[in-house]
Amino acid sequence: MAEAAIAAKAVEMVFRTGSVETRVLKGIDLTVSAGEIRLLMGPSGSGKTTLLSILAGILTPTGGRVNLLGQEITGLSRRQLARFRRRHIGFIFQDFNLFPALTAAENIELALKIKQRSTAEAKRLAAEYLEQVGLADRARHLPKDLSGGQKQRVAIARALAGSPKILMADEPTAALDSKTGQTVVALIQNLAKEKGCTVLMVTHDPRITDAADRITHLEDGLISHSSSWQTREVGGNGVIG
Amino acid sequence: MVSLARKNLLKDLPRFLVAQAGIMFAVSLVTIQTGILRGFTESTTLLIEDSATDIWVTSENFVNFELTEPIPYLELAQARQVEGVRRAEALLIGSGRWYSDEGKLTTLRIFGFDPEGQLFRPGEVSAASLEALNQPYTAIIDQSNQRAFGIDQVGDTARIRSLPVEVVSITEETQSLVSSKFVFASLKNANAYVNAGFSAELTCQLGDNGLNCQNAYERAPETGAEALPAPGPLEADVPITYILIRAEPGTDIPALKQRLEDTITGTRALTQAELVEETRAYWQERTGIGFILGLGAVVGILVGIVIVAQILYTSVSEHLKEFGTLKAMGAPDRMIYGVIVEQALWMAVIGYIPGISLCWGLSTWTLASQGIIILITPVSAAGVFGITVAMCLGSAFFAIQKVTRVDPGIVFKA
Ligand SMILES: Nc1ncnc2c1ncn2[C@@H]1O[C@H](COP(=O)(O)OP(=O)(O)OP(=O)(O)O)[C@@H](O)[C@H]1O
Ligand SMILES: [Mg+2]
């Protein structure tokens, strides 16, 4: 078994709004192996996005520890976390989050600029990845001139062009029709496998589960069970190694 | 490399243009206010700077260049005896009234100097023009006063008080904006003009039917210079205003100043730089003019800050999700602030260029049509650019505060 790319231990999250406390995550243990594609599913409000944010080092949990790529990220400073994300994590969002003023190619170039790549290399990689997502002829289009599926493909190119070790995606297909959604997920699956990138993807969409190596189900802040697509193995509330 | 700042600014072009118009307005306000302030303060010392003088000796009651008490002419001779003095020349400043040929009245400030001397120069004038000043009842005027004096060209005549005057040359860039109209003449002529009072020209005769008086005003116009005696040399007790000193090369100037003050009692000696500085400071600080114009410039800067801050803040608020995305992707703070700072700098540059061009055009127009100097030098233009940049960067501060508080977590919120 490959080493863990993502390992969470007893992660808890309590939000405080005024005097109201909301316990959103109630002790999550989760391990995702390197190169694996893991889906995170569960009902609305179960804490999927919260967990993803914590695992990506965007949100600091109120309890527990997170280890990414062998490095403990709980306790890192805001700056150190930003550097870690910049180096190792690619993001795909439900609403694509492309920069509306930038063309498809420029969106990718900007992400590479954040990763401190040279202008020439950024241009080269942007062209290369647009080609890989089948949008070479849309390089100079602004997001508003692209369809939803095309936008998400640009976002995939943007997330992967920096060669991240981990890809974090929150409902990447939610804004797309189901056929486009399936194409997009297939693209993520193929490219991630090709680059050896670990994927953690939150989704509601049952039609894309066959893209996953494993699925973790979240319910009311707890992992209800995890299942492996290949073995149909079903576990209880706990770690699946 | 792709610039998010520039693209975000240009994306909403109409609003960007409104912002630029606002910055242009601020730039213009600052440039015009400071330009008028500088134009007028510098105009008060043009003559001082035109002269090749090391030290100016005047009354100890000196206030500014044109406001000081007279000293007797004989002290010039005393000054020449002081060790370290190479040349000493007299400068007489007085006032009077100018009557144009059409009878139009203008107050004037007359400067009497030695046309053969080397220390005082009324702007750039030729040797021939200076030579011409040796003729009785001649003067040089500044181009900017031609209209007020009713002088179309060299050779035109008028009257100063009761005496005739012929303009022998026209100079430029000498006039102080806060003074009466300048006239330059030889010491002898100037002295005659200054003392040509009402009473001096009142000639009375005791005739058969009592005292019969006639004053200069009623003199027939054709009574020209020929009929008048030429002004004679200055008497020892005639009041003059300054003794201009050129020091021997290598003389210790502060020590020479001290010697002059000690030798000629009741006087104060100033270097050229001190005279310039005290005169400007007087106009800027002791009169309200500097304050008012300065206030105008400050208002311009404040208006600019408010406009730029408002635009940047709105821009950041509208692109909050983009900043969140940048943060989520791990962009360092430096880069995120860089986007805002770059926007601010673009706004500064793009607002500055039309603003300064507008002022430049305006200053050409006001000088030509109103005689008002709005001084825009390369240095002051650069200064205003500096202020514009600082203003935009200051405004960026508020926008940066907002971005600092952006939670990258918003990227996952729909
Ligand atoms: N910043 C916050 N402050 C307070 N409560 C929050 C905050 N973020 C999330 N929550 C709460 O935490 C719970 C889980 O939210 P989360 O967004 O993780 O759910 P989710 O599983 O992603 O739901 P969905 O499928 O609708 O996206 C919700 O009840 C939500 O109201
Ligand atoms: Mg969610």
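Here is what the cut-offs are and how they apply
Along each chain, residues carry numbers from 1 onward, in the same order as the chain's sequence is written. Going through the entries in the order they are written, you letter the chains from A and number the ligands from 1. Per-residue local features are limited, in this predicted model, to residues with pLDDT of at least 70; the limit for side-chain atom pairs, both in listing and counting, is 80 or more; totals at the level of whole chains, interfaces and linings are taken over all residues. Excluded from the side-chain calculations are hydrogens and water; all other atoms, namely the structure's heavy atoms, are used. UniProt positions are given in the numbering used here, feature names are shortened, and annotations may be inferred rather than shown by experiment. Runs of E in the DSSP output that reach at least two residues are strands. Runs of H or I that reach at least four are helices, and both are numbered from the N terminus. Buried, partly exposed and exposed residues are distinguished by accessible area as a fraction of the type maximum, computed with a 1.4 Å probe on protein chains only: under 20%, between the cut-offs, and over 50%, respectively. The method behind every accessible area is Shrake-Rupley, applied with a 1.4 Å probe, and residues are considered shielded solely by the protein chains displayed. In this description, a nonpolar core means a group of buried Ala, Val, Leu, Ile, Met, Phe, Trp, Tyr and Cys residues linked to one another through side-chain atoms lying within 4.5 Å. Two residues form a contact once any of their heavy atoms are found within 4.5 Å. Defined here as a combined quantity, buried area equals the accessible surface (1.4 Å probe) lost by two parts on assembly, summed across both. By salt bridge we mean one thing: a side-chain nitrogen of Lys or Arg within 4 Å of a carboxyl oxygen of Asp or Glu. Side-chain atoms alone can form a polar contact between residues adjacent in sequence; in general such a contact is a pair of N or O atoms within 3.5 Å, and within protein one must be able to donate a hydrogen while the other accepts it. All amino acids are sorted into three groups, where Ala, Val, Leu, Ile, Met, Phe, Trp, Tyr, Cys and Pro are nonpolar, Asp, Glu, Lys and Arg are charged, and the leftover types, Gly among them, are polar. Patch membership needs two things, relative accessible area over 30% and no salt bridge, and members are linked within 9 Å if like-charged or within 5 Å if nonpolar (Val, Leu, Ile, Met, Phe, Trp, Tyr). Neither His nor the chain ends is counted toward charge; the positive residues are Lys and Arg and the negative residues Asp and Glu. Here the site of a charge means NZ on Lys, CZ on Arg, CG on Asp, or CD on Glu. In this scheme, strands are said to pair when DSSP sees at least two bridges between them. A fitted line through C-alpha atoms serves as each axis, taken over the contacting stretch for helices, and the angle formed by two N-to-C directions is quoted from 0 to 180°. Aromatic rings from Phe, Tyr and Trp, taking only the six-membered ring of Trp, are treated as a pair when their centres fall within 6.5 Å; an angle between ring planes under 30 degrees marks them as stacked, one over 60 as edge-to-face, and anything in between as tilted. The criterion for a charge sitting over a ring is simple: Lys NZ or Arg CZ within 6 Å of the ring centre, and within 35 degrees of the ring normal.

- Chain B is annotated in an unreviewed UniProt entry as ABC transporter permease of Vasconcelosia minhoensis LEGE 07310.
- Quoted verbatim from the Subcellular location (unreviewed entry) field of the UniProt record, the comment on chain B reads "Cell membrane".

Brief notes about the overall build of chain B
Moving on, step 1. A count of helical and extended segments in chain B gives 13 helices and 13 strands.
Moving on, step 2. With respect to the three principal axes, the spread of C-alpha positions in chain B is 115 × 50 × 40 Å.
Moving on, step 3. The burial tally for chain B puts 49% of its 414 residues in the buried class.
Moving on, step 4. For chain B, the accessible area works out to roughly 19200 Å², and carbon and sulfur atoms hold 57% of it.

A closer look at the nonpolar core
Moving on, step 1. With 45 residues, the main nonpolar core has A:Leu110, B:Phe323, B:Leu326, B:Ile340 and B:Met347 as its most contacted residues.
Moving on, step 2. With ten residues, helix 12 (residues 333–370) of chain B is the largest single contributor of residues to this core.
Moving on, step 3. Among residues more than four places away in sequence, those in contact with A:Leu110 are A:Phe99, A:Leu102, B:Val2, B:Leu4, B:Leu326 and B:Met335.
Moving on, step 4. Of all hydrophobic cores here, the second largest spans 42 residues; its members include A:Met41, A:Leu125, A:Leu135 and A:Ile156.

Notes on the interface of chain A and chain B
Moving on, step 1. Facing the 29 residues of chain A at the interface are 25 residues of chain B.
Moving on, step 2. Both sides of the chain A and chain B interface together cover about 2600 Å² of buried area, and 67% of this is carbon and sulfur.
Moving on, step 3. A per-residue breakdown of the area chain A buries against chain B is headed by A:Ile58, A:Phe99 and A:Ile114, which together make up 21% of the total.
Moving on, step 4. Counting across the chain A and chain B interface gives three salt bridges.
Moving on, step 5. At the junction of chain A with chain B, the criterion picks out six residue pairs in polar contact (both at pLDDT 80 or more).
Moving on, step 6. For the side of chain A that touches chain B, the elements supplying multiple residues, two or more each, are helix 1 (48–55), helix 2 (78–88), helix 3 (104–114) and helix 4 (119–132) of chain A.
Moving on, step 7. Among the elements that line the side of chain A that touches chain B, the one with the most residues is helix 3 of chain A, at six residues.
Moving on, step 8. Residue composition of the side of chain A that touches chain B, by class: 13 nonpolar, six polar and ten charged.

Focus on a negative patch on the surface
Residue and element names in this part refer to chain B.
Moving on, step 1. Together, Asp50, Glu124, Glu172 and Glu173 line one region of the surface with negative charge.
Moving on, step 2. Mapping Glu124 onto the fold places it in the loop between strand 4 (105–113) and helix 5 (127–132).
Moving on, step 3. The class for Glu124 is exposed, based on a relative accessible area of 79%.

Focus on the sheet that holds strand 10 (residues 222–228) of chain A
Whenever strands of a sheet pair, they do so through backbone hydrogen bonds, lying parallel or antiparallel.
All names here are of chain A.
Moving on, step 1. A sheet is described by the order of its strands in space; here six strands give the open sequence 6-7-8-3-9-10, paired in mixed fashion. Either end of the sheet is taken by a strand with one partner, and the two such strands are strand 6 (89–92) and strand 10. When strand polarity is set aside, the average angle formed by the axes of neighbouring strands in this sheet is 15 degrees.
Moving on, step 2. Of the strand pairs in this sheet, strand 7 (residues 166–170) and strand 8 (residues 198–202) are connected by five bridges, and their pairing is parallel. Residue pairing across strands places Asp170 opposite Val202, the latter belonging to strand 8.

Some thoughts on a positive patch on the surface
Moving on, step 1. There is a patch of like positive charges on the surface, built from A:Arg79, A:Arg83, A:Arg87 and B:Arg334.
Moving on, step 2. At three residues, the largest contribution of residues to the positive patch is made by helix 2 of chain A.
Moving on, step 3. Relative to the assigned elements, A:Arg79 resides in helix 2.

Here we look at the packing of aromatic side chains
Residues and elements named next belong to chain B.
Moving on, step 1. Applying the stated rule across the entire model yields 18 aromatic pairs over all chains.
Moving on, step 2. When the ring of Trp56 is compared with that of Tyr242, the centres are 5.3 Å apart and the planes differ by 85 degrees; the resulting orientation is edge-to-face. Of this pair, Trp56 sits in strand 1 (residues 55–59) while Tyr242 sits in strand 12 (residues 242–247), and the two are 186 residues apart along the sequence.
Moving on, step 3. Exposure remark for Trp56: the relative accessible area of 0% places this residue in the buried category.
Moving on, step 4. Relative accessible area serves as the criterion here: at 0%, Tyr242 is assigned to the buried category.
Moving on, step 5. Ring-pair connections join several aromatic residues into one group, and the members of that group are Trp56, Phe65, Phe111, Phe113, Phe120, Phe182, Phe184 and Tyr242.
Moving on, step 6. Looking at Arg159, its charged tip hangs above the ring of Tyr99, at a distance of 4.8 Å from the centre.

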